[in-house]
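What follows is each chain in one-letter form.
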Amino acid sequence: MNRKASIFLFVFFLLPALLTAEKSTPLHDNWQLQSACKTTAAGEAISTAQYRPEGWLQTSVPSTVLAAQVKAGVFPDPYFGDNLRQIPGTSYPVGQNFSNLPMAADSPYACGWWYRKEFTAPALAAKDNRLWLHFGGINYRGEVWLNGHRIADSSAVAGAYRTYDFDVTDFVVPSKTNILAVKTSAPTEKDLGINWVDWNPCPPDKDMGLWGAVDIVETGPVTVRSPMVITHFADGSLKTADLTVYAELHNATGNAVKGVITGTAAGVHFEKPVELAAHEDQTVVFSPEQFPALRLQNPKPWWPRQMGDPHLEPLTVSFNAEGRTSDEQSVNFGVREITSELTTNGSRLFRVNGKPILIRGAGWSQDMLLRTDDKRLRDQLQLVQDMNLNTIRLEGKLETDDFFRLTDERGILVMLGWCCCDHWEHWKDWKPEDLTIATSSLRSQMLRLRHHASLLVWLNGSDNPPPADVEKAYLQVESETHWPNPILSSATQAPTAVSGESGVKMSGPYDYVAPSYWYTALKFGGAIGYNTETSPGPAIPSLASRKLFLSDPDTWPPTANWSLHYGGGEFVNLKVFNSAMEAVYAKPNSAADYERIAQTMEYDSERAMFEAYSKNKYTSTGVVQWMLNNAWPSMIWHLYDYYLDAGGGYFGTKKACEPLHIQYAYDDHSIDVVNSTYADAANLRANVHVYGLAWNELYSAQSTLDSNADSAQRVFTIPANLFSSAERIFFIDLSLTDSTGHVVSHNFYWVPGTLTAFDWENTDYTHTPAARHEDLTALAHLPAAQVAAHADIVNTAHGREIHVHLANQSNALAFQVRAAIRTNSGGLIAPVFWSDNWIELKPGESTTLTAQLPEGENAVPTVQVDGWNVAHITLTPTTAVAAR
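Residues numbered from 1 in each chain as written. Predicted model: local features only at pLDDT ≥ 70, side-chain atom pairs only at ≥ 80, totals over all residues. Heavy atoms only, no water.

Take the overall build of the chain next. If you tally the helices and strands in the chain, you get 14 helices and 48 strands. Expected size for 884 residues packed as a compact globule is a radius of gyration near 29 Å; at 29 Å, the chain falls within 12% of this value. Each principal axis of the C-alpha distribution contributes one length, and for the chain these read about 90 × 65 × 60 Å. The buried share among the 884 residues of the chain stands at 62%. With the model as given, the accessible surface of the chain reaches about 31500 Å², and the carbon-plus-sulfur share is 50%. Considering the chain, the positive charge centre built from 66 side chains and the negative charge centre built from 96 side chains are found 3 Å apart. (Helix = DSSP H or I, 4+ residues; strand = E, 2+ residues; numbered from the N terminus. Rg over C-alpha atoms; globule rule 2.2 N^0.38 Å. Buried < 20%, exposed > 50% of the residue type's maximum accessible area, 1.4 Å probe, protein only. Areas by Shrake-Rupley, 256 points an atom, 1.4 Å probe, with all protein chains shown as cover. Lys, Arg positive; Asp, Glu negative; His and termini not counted. Charge placed at Lys NZ, Arg CZ, Asp CG, Glu CD.)

What follows is the structure, encoded as structure tokens:
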């Protein structure tokens, strides 16, 4: 290895974080892609102007290999039907975790793939400036060539979650055409790659390629990287905040450099002289002890959305030498402090700025081909907010910078860490290189992410904690990078000799359980402690969504095409869910029946899960629904589907997590009011009415109350002997009104006379089976309800809304009434943000549902209304009117 190459590798190892964006030239468009098996040329030739890339695929970056092929039309939509299974290389058994299997020798992705890009490099602003080649993510190994020179080989470029910055000043020709060529290779079953576990299939290329951004960045001789502010409040009044500023400096030259590092944080100026030896890296710290102005008085804190305003402040740090700025970085940060502790029952409790918070979140997935879309990202985060969730969990799948910027701005907490179930947790099989790659990956991500206000906690393991040597190595990196937030050894309750008790549990279930489970299964997944991932299982998309990924979306019984969109491992079928459906509700006779019953089951079970944890706060400290979304169209584990259509589980979650909420408890028949805000609510009135199946009133009560901030309080207890009567089903209607009579919460339950009896002894990680199912079959025979409906289009400051007016004109309950917005041909329109959905209308009751249409949806849609005992209605909204 020559001396210059040694310098570049040294720089690469010490520059894992994104450099300044102010002088960055994105290398996004006009890339070319080809299999290394189809070209005999080496990188030295491919990265020159003399090479002619004939027959290469046109693409952009970021893009995996398969994503580029799909975009170019080489393969049809892999998400439709069995198209994925028809792509060469998709030969692994359905439902198995491909990351743990070797790639077939004849797979087109067993070869390396070349990315090639011609670009004009900027002219240097000063003769001693440096040009850096930044890679935001390469999966898995890479060779980097520039203008015929090898910048790095595959021993240096290895690891899906590492970032790379190479000093290429000596190899770039400013103001002229330059040729960059990168050969990427897929991860093997013994690599720390990107893993889809049992959530969905893995693409045949294992997401190989340039999945992160590529940029040319110009700086001066000294770079500034990863600026961050850590906040500590003096006391609970939050009137004084101590800010400590960190920044990483790197001297890219062979000479010592003297200069001044200067900056502002929340309007406070700071600076001090710095001297850097040749090629030195130095962490610079500004503490309030040294710079008293960093002890802020009366700051405006950052809060998660339900707790307050997610206010952000600017931070700018620059290095100046010889009268000019060498480099400058600017980020936004929050004046906030996140801590955690173990409660008296050993549960992990998080605090934001000293105040406890009940974590109510869901697990996030990127697109299976790692494709990104700014509008889709914003829409998904809006769906999270609309459900009143406060947290997203990332198991691996470490998202883009835009993702974290938006969670900062929107006040959504992010729980993140490494993934389970492949080489990431096969520590006994690790070689020394694996620990190097793992710790380098961690360092890259710590430095990339540490300044973000929304980050709640980092997990060093998922389904298992790492062994002592690995955990110590991880903790060393986290200490060296000054990670400002709590750290857990894993998502499980397994303690470690290094860090002790985790205070969390990962005890399931992941498949269907009856709503009462969440109140009674306290030794398992029920509402005690912090459950890092759990779920009542399947989530069946609407017909309009199924049309987008199935050739037979309305067939009954389902074909094998449907099963390709189930999960993996123990979740390759829906037998637990389907058996419960037939026993508890009814045996479906059509796909429409199946969808309708499934949506009701999802509504009821998701609502119960979140409500149980809310009732028991802070005996329970958090629950994360598995999952929030899907990487591809799926029949399991989502609160909204791949196409952003919201189903019953979405609205059950939205109901359960509303800021001021009234709810019923299956364990003790209590009626509780949960205040998830951090403000008192006085002069509330709670009402409860209980009806029998024939809509005969069995019980009623009302009470006034004051609800304290962040509280759960019992208001009533329905007499237990009521549930010993001959009634098979009890309808429980709850409402909560404020001092003006405005309804702030309305909730409706269908409770069986005898709850499910669980077979606790046969509990496994997927679910607890029922020894005896509850009986709600009478719901399939409710008398028909006559619902009148009409709809208006209303133009508001926020866009177009549909107002759907519903009136029950009969003496029968209208059960699980759903409204959907569709195109005139029945096609999906999504996302649509409804005020409420899957509702009940009492005899004589009227209500109006509002639906915010997607931006740019200008055609007049149709509105479909139906219910369990309500005939299908199709409405054409009236001509647009202005909002009053």
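Moving on to the pairing of strand 6 (residues 130–135). Of all the 6 residues making up strand 6, 6 are buried; the element is thus mostly covered by neighbouring parts of the structure. Examined bridge by bridge, strand 6 and strand 12 (residues 214–219) share 6 bridges and lie antiparallel to one another. Within strand 12, the position partnered with phenylalanine 135 by the bridge is valine 214. In this sheet, strand 9 (residues 164–167) lies alongside strand 6 in antiparallel orientation, the contact comprising 4 bridges. Each residue of the ladder has a partner; that of leucine 133, found in strand 9, is phenylalanine 166. (Pairing = 2+ DSSP bridges.)

Here we have 3 strands laid out as an open sheet, ordered 31-32-35, and antiparallel in their pairing. Two strands lie at the open edges of the sheet, namely strand 31 (660–664) and strand 35 (711–717), each paired on one side alone. For this sheet the average axis-to-axis angle between neighbouring strands, irrespective of direction, equals 20°. Where helix 13 (residues 591–615) meets the sheet, it contacts strand 31, strand 32 (670–675) and strand 35, and its direction lies at approximately 105° from that of strand 31. (Axes fitted to C-alpha atoms, helices over the stretch in contact; angles between N-to-C directions. Contact = heavy atoms within 4.5 Å.)

Let us now look at helix 8 (residues 468–480). For helix 8, with 13 residues, the first-to-last C-alpha span of 18 Å sits near the 18 Å given by 1.5 Å per residue. Every buried residue of helix 8 is listed here: Val470, Glu471, Ala473, Tyr474, Val477 and Glu478. Along the long axis of helix 8, the arc covered by the buried residues comes to 160°, so they all point the same way. Every exposed residue of helix 8 that faces more than 90 degrees away from the buried side is listed here: Asp469 and Lys472. Against the buried residues of helix 8 lie helix 7 (432–449), strand 27 (455–459) and strand 28 (487–488). Among the residues trailing helix 8, histidine 482 stands out with phi positive, at a value near 60°. (Expected span 1.5 Å × (residues − 1). Arc of directions from axis to C-beta.)

This paragraph deals with the packing of aromatic side chains. Tallied over the entire structure, the rule returns 50 aromatic pairs. Between tyrosine 79 and tyrosine 642, the aromatic rings sit 5.3 Å apart at their centres with planes inclined by 85°, giving edge-to-face as the arrangement. With tyrosine 79 in the loop between helix 3 (65–71) and helix 4 (83–86) and tyrosine 642 in the loop between strand 30 (620–625) and helix 14 (648–656), this residue pair connects regions lying 563 residues apart in the sequence. The residues tyrosine 79 and tyrosine 642 share a single accessibility class, namely buried. In textbook terms, an aromatic cluster arises when at least three aromatic residues are bridged by ring pairs, as seen for Tyr161, Trp211, Trp418, Trp424, Trp458 and Trp483. (Phe/Tyr/Trp six-rings, centres within 6.5 Å; stacked < 30°, edge-to-face > 60°.)

An α-helical turn contains 3.6 residues, so any two residues separated by three or four positions project in the same direction. Most of helix 14 is tucked away, with 9 of its 9 residues classed as buried. Listed in full, the buried residues belonging to helix 14 are Gly648, Gly649, Tyr650, Phe651, Gly652, Thr653, Lys654, Lys655 and Ala656. On its buried face, helix 14 is in contact with strand 24 (359–363), helix 5 (374–386), helix 13, strand 31, strand 37 (743–752) and strand 43 (833–834).

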